[in-house]
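Report on the structure
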Amino acid sequence: MTGELSNDSVAKTYAQWARFAPIYDLVFGPALSQGRKDSIAAAERVGGRILDVGVGTGISLTDYSGKNRVVGVDYSEPMLRKAQQRVKERKLKHVEALAVMDGTRLGFPDGAFDAVLAQYVITTVPDPEGTLDEFARVTRPGGEIILVNHLGAESGLRRDFERSFAPMARKLGWQPEFAWARLEQWAARNGCVRVIERRSMPPLGHFSLIRFERLATAKRPQIMGAALG
C-alpha cells in the first residue's frame, strides 16, 4: 500500500526545510530527542556497521558513541549537505559515509549492515512497505531493524483528528494516520523479520520505538488445517 505522497513532493518539502535548517533542528530536535537517543542506543547494542536512513541534517549523528561505523543516507540532497557540514565541523570520525539515496532502492549488497535505523522516516516515504523490504534485505541475519515513529491512533478523538489533519500533514511531508497494523502486516508478508519490541516514547506516548530481528531464513506461512489438526 502506498500513500498519497510522492518522491517529488517529499524532495520539494525537505528542500524547503533544508533552507531553514537551524529552525528545523530547533523544532524537531528537543521534542524528538529521546526517541533518537533510545533508537541509537538500541542500534549500538547490536553494534558493528549501522545504516541511518533519513539522516536529514545529521542531527542524530552526534548522539552516536563513536564505537561503531555509521553510514547515513537521505533522499534530500539539500538536507544531506547540512549533514556533511555537521560531520566536518564536529569531526565525526565514526561516520563512514553519507549518500543521497532512495529508501526503496538502497545501493548496498544484501546483509551489508548489522543494524538499520530509521528515525521518524516510515511515515514520510511514498512506499513504506517497499522501503521496509529494502531495510530487511540489507540487514544481516541476526541483525536488527529499528524504527522510531508516530503511529496513528486506532480509535477515539485522536484518530479522528489524525484523519482530518492528514491532507495538510501530507503537504508537510508525512502521514499522521499510519497504523501499527501496517507494520504487522508487512512483517508477516515479508517473512524474514519478527517483532521483538514495541514501546511508547515521548512526547506523551504519541511515538513508538519498534525493533525487528532479521531472521536467518524466511518464516513459513502457517497452514490453518495443520495448525488446527
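See the structure above.
In short, a report on the structure. One numbering rule holds for all chains: residues counted from 1, following each sequence as written. Only residues with pLDDT of at least 70 get local features here, since the model is predicted, and only at 80 or more are side-chain atom pairs given and counted; chain-wide, interface and lining totals rely on the full set of residues. The side-chain figures draw on all heavy atoms in the structure; neither hydrogens nor water molecules are used.

Topic: unusual backbone geometry
As a reminder of what qualifies: Helix numbering and strand numbering both begin at the N terminus, where a helix is a DSSP run of H or I of at least 4 residues and a strand a DSSP run of E of at least 2. For the exposure calls, accessible area comes from a 1.4 Å probe over protein chains only, and a residue counts as buried if that area is under 20% of its type's maximum, exposed if over 50%, partly exposed in between.
Unlike most non-glycine residues, Lys91 shows phi in positive territory, near 55°. Inspection of the secondary structure assignment puts Lys91 in the loop between helix 4 (77-90) and strand 3 (95-100). Of note, Tyr120 is a non-glycine position whose phi angle comes to about 55°, a positive value. The class of Tyr120 is buried, set by a relative accessible area of 16%.

What to know about the sheet that holds strand 1 (residues 49-53)
What counts, and what does not: Between any two strands, at least two bridges found by DSSP are needed for them to pair. Note on geometry: axes are C-alpha line fits, over the in-contact stretch for helices, and angles between N-to-C directions span 0 to 180 degrees.
The sheet built from 7 strands is open, its strands ordered 3-2-1-4-5-7-6 with mixed pairing. In this open sheet, the two edge strands, each paired with only one partner strand, are strand 3 and strand 6 (193-201). Taking each pair of neighbouring strands and ignoring which way they run, the sheet shows an average axis angle of 15°. Across 5 bridges, the pairing between strand 2 (residues 69-74) and strand 3 is parallel.

A few points about the packing of aromatic side chains
Worth spelling out the cut-off: Only Phe, Tyr and Trp rings take part, Trp by its six-membered ring, and two of them pair if their centres are within 6.5 Å. Stacked means planes under 30 degrees apart, edge-to-face means over 60, and tilted covers everything else. In this scheme, the term charge over a ring applies when either NZ of a lysine or CZ of an arginine sits within 6 Å of the ring centre and within 35 degrees of the ring normal.
Counting across every chain of the model gives 3 aromatic pairs. On the basis of an interplanar angle of 85° and a centroid distance of 5.5 Å, the ring pair of Tyr120 and Phe207 is categorised as edge-to-face. Taken together, the residues span a long stretch of sequence, with Tyr120 in the loop between strand 4 (113-119) and helix 5 (128-138) and Phe207 in strand 7 (residues 207-214) at a distance of 87 residues. Each of the two residues, Tyr120 as well as Phe207, counts as buried. Seen from their ring centres, Trp186 and Phe212 are 5.3 Å apart, and the 90° between their planes marks the pair as edge-to-face. Of this pair, Trp186 sits in helix 7 (residues 180-190) while Phe212 is found in strand 7, placing the two residues 26 residues apart along the sequence. We note that Trp186, like Phe212, is buried. Directly above the ring of Trp180 sits Arg198, whose terminal nitrogen or CZ lies 4.3 Å from the centroid.

Thoughts on the environment of Val46
Rule in force here: By definition in these notes, contact holds between two residues if any of their heavy atoms fall within 4.5 Å.
Within the element layout of this structure, Val46 appears in helix 3 (residues 33-46). Look at Val46 and you get partly exposed, because its relative accessible area is 22%. Put simply, Val46 and Glu144 are 98 residues apart on the chain and 7.3 Å apart in space, counted from C-alpha to C-alpha. If sequence neighbours within four positions are ignored, Val46 has contacts with Asp114, Ala115, Arg140 and Glu144.

Some points on the environment of Gln85
Secondary-structure assignment places Gln85 in helix 4. Between the C-alpha atom of Gln85 and that of Gly58, which follows or precedes it by 27 residues, the distance is 8.8 Å.

Remember, this is a structural readout, not a statement about activity or role.
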